[in-house]
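Architecture and fold: a report
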Amino acid sequence: MKHIRIILYSHDSLGLGHVRRNLALASALSEQLPGLAGRQVTGVLVAGTALAPGFRIPKGWDWVILPGVMKGAEGYEPRDLSVPLHDLVSLRGKLLDSLLQGFSPDLVIVDRHATGVHLELEGALRRLRARGKARVVLGLREVLDSPAAAMAEWDGIGGPRRVQELFDAVWIYGDRSVHDPVDTGEIPFALRRMVSYTGYLAAGRPKGSGKLRMPGRYVMTTVGGGADGYALAKLAAATPLPTGLGHLIVAGPQMPKAQRRDLQRKAGPGVVIVKALADMLAHISSAEALVSMGGYNSVCEILSTAVPALIVPRDHSRSEQRIRAASLAAAGYLEQHELATLTPDALAGWIAHRAGTRVDRRGAQLNGLSRVPGLAADLLQAPDLLRPLSQQITSEPMVSAQLNSLAHSLRGGAARAAI
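The structure presented is a predicted model; accordingly, all values stated were derived computationally and were not measured. (Residues numbered from 1 in each chain as written. Predicted model: local features only at pLDDT ≥ 70, side-chain atom pairs only at ≥ 80, totals over all residues. Heavy atoms only, no water.)

With that settled, consider a nonpolar patch on the surface. Together, Leu81, Val83, Leu91 and Leu95 line one region of the surface with nonpolar side chains, adding up to about 290 Å² of accessible area. By secondary structure assignment, the location of Leu95 is in helix H2 (residues 85–103). (Patch = residues over 30% accessible without salt bridge, like charges linked within 9 Å, V, L, I, M, F, W, Y side chains within 5 Å. Areas by Shrake-Rupley, 256 points an atom, 1.4 Å probe, with all protein chains shown as cover. Salt bridge = Lys/Arg side-chain N within 4 Å of Asp/Glu carboxyl O. Helix = DSSP H or I, 4+ residues; strand = E, 2+ residues; numbered from the N terminus.)

Here we come to the pairing of strand S2 (residues 41–47). Among the seven residues in S2, six count as buried, and that is most of the element. Taken together, the six bridges between strand S1 (residues 4–9) and S2 define a ladder with parallel strand orientation. Its bridge partner lying in S2, Arg5 is registered against Thr42. Where S2 and strand S3 (residues 61–65) come together, five bridges link them in parallel fashion. Within S3, the position partnered with Leu45 by the bridge is Trp63. (Buried < 20%, exposed > 50% of the residue type's maximum accessible area, 1.4 Å probe, protein only. Pairing = 2+ DSSP bridges.)

Contact geometry of helix H7 (residues 230–237) with helix H8 (residues 257–266) gives a least axis separation of 9 Å together with a crossing angle of 15°. On the basis of the axis angle, H7 is roughly parallel to H8. In this structure, H7 crosses over H8, and the sense of that crossing is right-handed. Here Tyr230, Ala233, Lys234 and Ala237 of H7 come into contact with H8, specifically with Gln259, Asp262, Leu263 and Lys266. Here the residues of the contact of H7 with H8 are counted per class, giving four nonpolar, one polar and three charged. (Axes fitted to C-alpha atoms, helices over the stretch in contact; angles between N-to-C directions. Parallel < 35°, antiparallel > 145°, perpendicular 65-115°, else oblique. Left-handed = near helix turned anticlockwise from the far one by under 90°. Contact = heavy atoms within 4.5 Å. Nonpolar A, V, L, I, M, F, W, Y, C, P; charged D, E, K, R; others polar.)

Let us look at the sheet that holds strand S12 (residues 271–274). Taken together, the six strands give an open sheet; going across it, the order is S12-S11-S10-S13-S14-S15, and neighbouring strands pair in parallel fashion. Bordering the open sheet on either side are S12 and strand S15 (335–336), each of which pairs with just one other strand. Relative to strand S14 (residues 309–311), strand S13 (residues 290–292) runs parallel, the two sharing three bridges. Along S14, the bridge assignment pairs Val291 with Leu310.

Geometry only, nothing functional implied.
Below, the structure is given as structure tokens:
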């Protein structure tokens with residue numbers, strides 16, 4: 001029997017959040033979708049960082065690594081290739097087009113950036129949609145940015161109309177009772193009928209070896225990929241510890257070597273600094289308290305445990321981490337503190353007060369990794385009427401618009417039934 005073919009795309013620039021989110025989705029789809037749709041899964045993970053193949057992937061999946069981009073002072077720029085950005089985007093677009101046409105997926109899930117870097121994905125998606133019955137989903141973390149910044153991004157890709165043309169559904173990987181990006185204005189109201197809220201991609205993340213790096217009792221500090229985590233890691237390394245408590249600091253694979261060496265020099269007694277861990281979740285679960293930046297994947301791992309956590313969000317670039325920390329703190333699931341006012345003594349006080357306590361997070365919707373396969377199965381089995389009819393009818397504009405409105409209404413009913 002023919003396998004279900006899936007492509008999970010992430011554009012990648014800062015950190016490893018997009019890659020890690022897609023890895024969790026790939027595992028969940030491989031494990032659960034066959035039982036729901038009656039076919040096995042095979043897929044391709046698209047990423048833009050050479051670090052991605054260092055992660056374990058499910059059987060039946062492989063990587064396609066695009067030439068990388070990074071954020072510069074004036075926006076995106078090539079990470080490694082010495083070519084103009086226009087040439088790099090063109091190359092990435094051609095590679096994506098070749099992949100989508102050659103692999104002929106049944107389902108494409110685009111992480112966060114609907115059309116990729118400077119619309120690199122748009123042409124490939126349009127040609128895929130014109131060929132047949134591939135379903136296309138825009139997957140969004142629960143916090144995008146400040147409403148003004150988020151709306152500017154939507155306008156930059158052509159607004160909600162372009163999303164309606166290219167996608168069948170929008171999945172929000174969060175709990176709307178904690179933070180609803182439609183209600184806050186981060187997602188255009190015109191897309192509301194396409195939206196399903198999955199819950200956080202927290203419970204059911206792939207398990208590792210369970211082997212711990214730290215003997216005895218310890219607290220832990222993580223800074224995501226590490227590219228912008230030096231300030232928090234340095235403060236953590238200088239924090240005095242209660243007697244008998246160790247401190248594991250995960251610097252992240254993207255922290256520059258010079259900064260990691262400086263952390264080693266500044267580390268006090270009982271502090272262990274590592275570049276990365278093979279089993280992050282096991283270490284978080286076994287820690288007595290955790291300090292972390294507010295990236296989506298880090299927060300999901302925290303939410304899946306009862307370990308007390310202090311979130312110190314990124315204090316530059318996007319407002320995403322600050323908004324996430326504030327919403328989860330308001331719900332009582334963690335605590336937050338601004339980096340600008342955090343000191344080693346203040347952090348030491350928090351650790352002394354919280355280490356060894358537990359936090360009840362059972363009220364949060366953490367089951368996104370069990371909800372997504374069901375949504376995928378429904379989408380794959382749905383009749384073509386539920387697809388944006390602008391993809392099916394290209395003749396009379398007024399008729400097309402009326403039918404498109406009907407399709408959105410039907411989709412909205414299905415989405416609400418799933419919430």
